[in-house]
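Here is how the chains run, residue by residue.
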Amino acid sequence: MHMADALISPAVGGTMWVATAGLIGYCSKKIKEDIDDSKIPLMGVLGAFIFAAQMINFTIPATGSSGHLGGGMILAILLGPYAAFLTMASVLTVQALFFADGGLLALGCNIFNLGFFPCFVAYPLIYKMIVKENPTSKTLAVGATISAVAGLQLGAFFVVLQTVFSGISELPFNTFVILMQPIHLAIGVVEGLTTAAVVIFVWKSRPEILQPILSSQTEPKSSIQKVLIGFVIATVVVGGALSWFASAHPDGLEWAMFKTAGVEELEAPEKGIHSSLAAVQEKTAFLPDYGFKKTDMQGSDEGGDAWPAVDPGTSVSGFVGGLLTLLMAGFIGFILKRRKAANA
Amino acid sequence: MATIENNLFDIRYMDTLASGNSSLHKIDPRAKLITTLIFICMVVSLGKYEISRMVPFVIYPMALIISAELPILYLFKKIAIVAPFAILVGIFNPFFDTQPLVQIGDFSISGGWISFTSILLRFGLTVSAALILICLTGFNGVCMALEKLKVPGPFVVQLMFLYRYLFVLIEEASRMVRARSLRSFDSKGMRFNVFVQLLGQLLLRTLDRAQRIHLAMCCRGFDGHVRLNRTMSFGYREIQFILFWSLLFVIARWYNLPVKIGSIIEGYFL
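Everything quoted here is computed from the prediction, not taken from an experiment. (Residues numbered from 1 in each chain as written. Chains lettered and ligands numbered in written order. Predicted model: local features only at pLDDT ≥ 70, side-chain atom pairs only at ≥ 80, totals over all residues. Heavy atoms only, no water.)

1. Quick notes on the overall build of chain B
Then comes step 1: A count of helical and extended segments in chain B gives 13 helices and two strands.
Then comes step 2: The C-alpha atoms of chain B give 24 Å as radius of gyration, which overshoots the globular expectation for 270 residues (18 Å, by more than 25%).
Then comes step 3: A principal-axis box enclosing the C-alpha atoms of chain B has dimensions of 75 × 55 × 30 Å.
Then comes step 4: Scored against the burial criterion, the 270 residues of chain B give a buried share of 55%.
Then comes step 5: In the form shown here, chain B has an accessible surface area of approximately 12,900 Å², with 64% of it arising from carbon and sulfur atoms.
Then comes step 6: In chain B, 27 positive and 16 negative side-chain charges are present, and the distance between their average locations comes to 7 Å. (Helix = DSSP H or I, 4+ residues; strand = E, 2+ residues; numbered from the N terminus. Rg over C-alpha atoms; globule rule 2.2 N^0.38 Å. Buried < 20%, exposed > 50% of the residue type's maximum accessible area, 1.4 Å probe, protein only. Areas by Shrake-Rupley, 256 points an atom, 1.4 Å probe, with all protein chains shown as cover. Lys, Arg positive; Asp, Glu negative; His and termini not counted. Charge placed at Lys NZ, Arg CZ, Asp CG, Glu CD.)

Here it is as structure tokens:
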């Protein structure tokens, strides 16, 4: 489920970073407005709880596999969307840094996929709708399960979208969707059931823990729209700005813009930003545009196919040179090591 | 992902590495964080059939590992543990992209295999860069760098909390699991209702603990901001570090060094 750096392009990674950074800033502001300091240690400790909870596994009957508690939804239920999003972001940051689960560039994608959908889509639109202000065990169970499943499905779908737009993997959209969604449906059901069970346990033993969040005024109904609008704008701007940046398939993102926006009106400003940025960039010439790529591809831009012009000479020298570079790197390493040993 | 207990051991080990004393350890965390991000962006921005351009980038993780004396085998193992996802998604490339792309003598390699190799290389480079960052800087170092780089305060503070209480809570959870398995004659598998009881108890304890922590902090004058008694200096050495590596990355990114070297060699011998 975690996106890896190796599978995304800088355009996709950058877009998701900006979107996620915006959300983190927005949530932090919201938390600060809540004068309640006690939430910050609570968030951190609950984040650690998410890790600890993964130690406790139950056996899924008749399958031989085991399940454990997932992350986003239980946090949203306990903390409310803003604090939960920040906590989820920090859980994923720790995972990226220590367990190399996902990567630094993909961190934006991962936080978005696993944080945004449970906290800002599934929680307000599903959980809150089902679990009204006076919850019962039944509504809590149904709400937690359905929203966990929905959140995970959306997240998995975004993994597919991000992978396809990046164009590094050859997996066609359809195949990947058929691969990802059912797997995550199964995972989502397990996560949903465990989330529901734990929430009910808390509700029965200490209802006062859930009560303040259920009756709180931080109903993100109108602000969710602001967040969504902000996200769309950020996507368009950043996507337009970054699409020239070394994407092997420059039209992938434009296609995405068209598909997601569905309106051609959006394309004009996007093109405008695109072209004006390109002009600026040509002037500064810090990052050569597709120029260097064209020489590589030998004018195969119009074809749109995989680069057909294969020059055996280049391949051989690339191969020989690659080996030599590795040897040189090894040599430098060797010298560094010798110097270390001499110093010691 | 390995079991969480092993991960805990890993985190402690990486923290031990981060407390090392090489000149790289002493560089300001901000410089290392920025350089790592530049490195990853440069690697990831390469085209999907690119292998030769990627090779020179190996020098960065390698130089850091050797000059900071990080355990290379251990890092390899860590990378291998998380490799499956990248392999799983990448392995389809050879099946979907069968157009021959490289010709060496009579031997031709399809575009799919090239891009698969490229994915694996990318993966190795980016993951090792992130791991090295943490091994050289430590988590608190990265957090401080984030705060200095104007990442919102509440986010950074609770990130530090998470890290601090990770150990406490994982140990608590593992004690609970051990207690259950001792009382149930180590029966394999946990029934769902037992699982819920354990997890629920852990959650309640966690919430109580958070409240105690907060009260204790309030007694000590906590106002939503953690003050650290460690100075960071972003000086000449840091700028040098960033500039040196960035320059190297940019050269490696835009000049296909291996092909250049290869053609020089070929011109010499043929």
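2. Observations concerning the environment of B:Gln158
Then comes step 1: For B:Gln158, the position within the fold is in helix H10 (residues 153–183).
Then comes step 2: In this structure B:Gln158 touches A:Ile40, A:Met43, A:Gly44, A:Leu86, A:Thr87 and A:Ser90, once residues within four positions along its chain are discounted. (Contact = heavy atoms within 4.5 Å.)

3. Focus: the interface of chain A and chain B
Then comes step 1: At the interface, 108 residues of chain A touch 102 residues of chain B.
Then comes step 2: Buried surface at the junction of chain A and chain B, both sides included, amounts to about 9,200 Å², of which 80% is carbon and sulfur.
Then comes step 3: At the junction of chain A and chain B, the tally comes to one salt bridge.
Then comes step 4: A salt bridge links A:Arg206 to B:Asp208; the nearest nitrogen and oxygen atoms lie 2.8 Å apart.
Then comes step 5: Here chain A and chain B share three residue pairs in polar contact (both at pLDDT 80 or more) between them. (Buried area = accessible area lost by both parts, 1.4 Å probe. Salt bridge = Lys/Arg side-chain N within 4 Å of Asp/Glu carboxyl O. Polar contact = N/O pair within 3.5 Å; in protein donor to acceptor, adjacent residues only side chain to side chain.)

4. So, a nonpolar patch on the surface
Then comes step 1: On the surface, A:Leu185, A:Val189, A:Leu193 and B:Phe192 cluster together into a nonpolar patch covering about 310 Å² of accessible area.
Then comes step 2: With three residues, helix H7 (residues 173–205) of chain A is the largest single contributor of residues to the nonpolar patch.
Then comes step 3: Residue placement: A:Leu193 occurs in helix H7. (Patch = residues over 30% accessible without salt bridge, like charges linked within 9 Å, V, L, I, M, F, W, Y side chains within 5 Å.)

5. Some remarks on the packing of helix H4 (residues 81–98) of chain A against helix H5 (residues 107–130) of chain A
Residue and element names in this part refer to chain A.
Then comes step 1: Interhelical geometry of H4 versus H5 gives an angle of 155° and a closest axis separation of 9 Å. The orientation of H4 with respect to H5, classified from their angle, is roughly antiparallel. Between H4 and H5 the crossing geometry is right-handed. Each of Pro81, Tyr82, Ala84, Phe85, Met88, Ala89, Leu92, Thr93 and Ala96 in H4 lies in contact with H5, whose residues at this interface are Leu107, Asn110, Ile111, Leu114, Gly115, Phe116, Cys119, Phe120 and Tyr123.
Then comes step 2: Split by residue class, the contact of H4 with H5 holds 15 nonpolar, three polar and no charged. (Axes fitted to C-alpha atoms, helices over the stretch in contact; angles between N-to-C directions. Parallel < 35°, antiparallel > 145°, perpendicular 65-115°, else oblique. Left-handed = near helix turned anticlockwise from the far one by under 90°. Nonpolar A, V, L, I, M, F, W, Y, C, P; charged D, E, K, R; others polar.)

6. Quick word on the domain arrangement of chain B
Put simply, an interface is often sized by how much accessible area is lost when its parts join up.
Residues and elements named next belong to chain B.
Then comes step 1: Domain annotation for chain B reports domain 1 (1–150 + 235–270) and domain 2 (152–232).
Then comes step 2: Taking only C-alpha atoms, the centre of domain 1 and the centre of domain 2 are 33 Å apart.
Then comes step 3: In this complex, domain 1 contributes 18 residues to the contact, which on the side of domain 2 involves 15 residues.
Then comes step 4: Carbon and sulfur atoms make up 73% of the area that domain 1 and domain 2 hide from each other, which totals about 1,700 Å².
Then comes step 5: Our enumeration of links across domain 1 and domain 2 arrives at one salt bridge. (Domains from an automatic or database assignment.)

7. Topic: helix H9 (residues 139–148) of chain B
The periodicity of an α-helix, 3.6 residues per turn, causes residues three or four places apart in sequence to face the same way.
Residue and element names in this part refer to chain B.
Then comes step 1: Extensive coverage of H9 is indicated by the burial of seven of its ten residues.
Then comes step 2: Of the residues making up H9, those classed as buried are Phe139, Gly141, Val142, Cys143, Met144, Ala145 and Leu146.
Then comes step 3: The positive-phi residue at the C-terminal boundary of H9 is Lys150, with phi of around 70°.

8. Details of the pattern of salt bridges
All names here are of chain B.
Then comes step 1: Using the criterion set out here, one finds six salt bridges over all chains in the structure.
Then comes step 2: With a closest N to O distance of 2.9 Å, Arg205 and Glu172 form a salt bridge. Remark: Glu172 occurs in helix H10 and Arg205 occurs in helix H11 (residues 192–219); sequence separation between them is 33 residues.
Then comes step 3: Salt bridges sharing partners connect three or more residues here, namely Glu172, Arg205 and Arg209.

9. Digging into the packing of aromatic side chains
Pairs of aromatic rings are described using the distance from one ring centre to the other and the angle between the two planes.
Then comes step 1: Tallying each qualifying case throughout the model produces 25 aromatic pairs over all chains.
Then comes step 2: A ring pair is formed by A:Tyr82 and A:Phe120, whose centres lie 5.8 Å apart and whose planes are at 55°; its orientation type is tilted. Of the two residues, A:Tyr82 sits in helix H4 while A:Phe120 sits in helix H5, which places them 38 residues apart along the sequence. Considered together, A:Tyr82 and A:Phe120 belong to a single accessibility category, that of buried residues.
Then comes step 3: Where B:Tyr60 meets B:Trp245, the ring centres are 4.9 Å apart and the plane angle is 80°; that geometry is what we call edge-to-face. (Phe/Tyr/Trp six-rings, centres within 6.5 Å; stacked < 30°, edge-to-face > 60°.)

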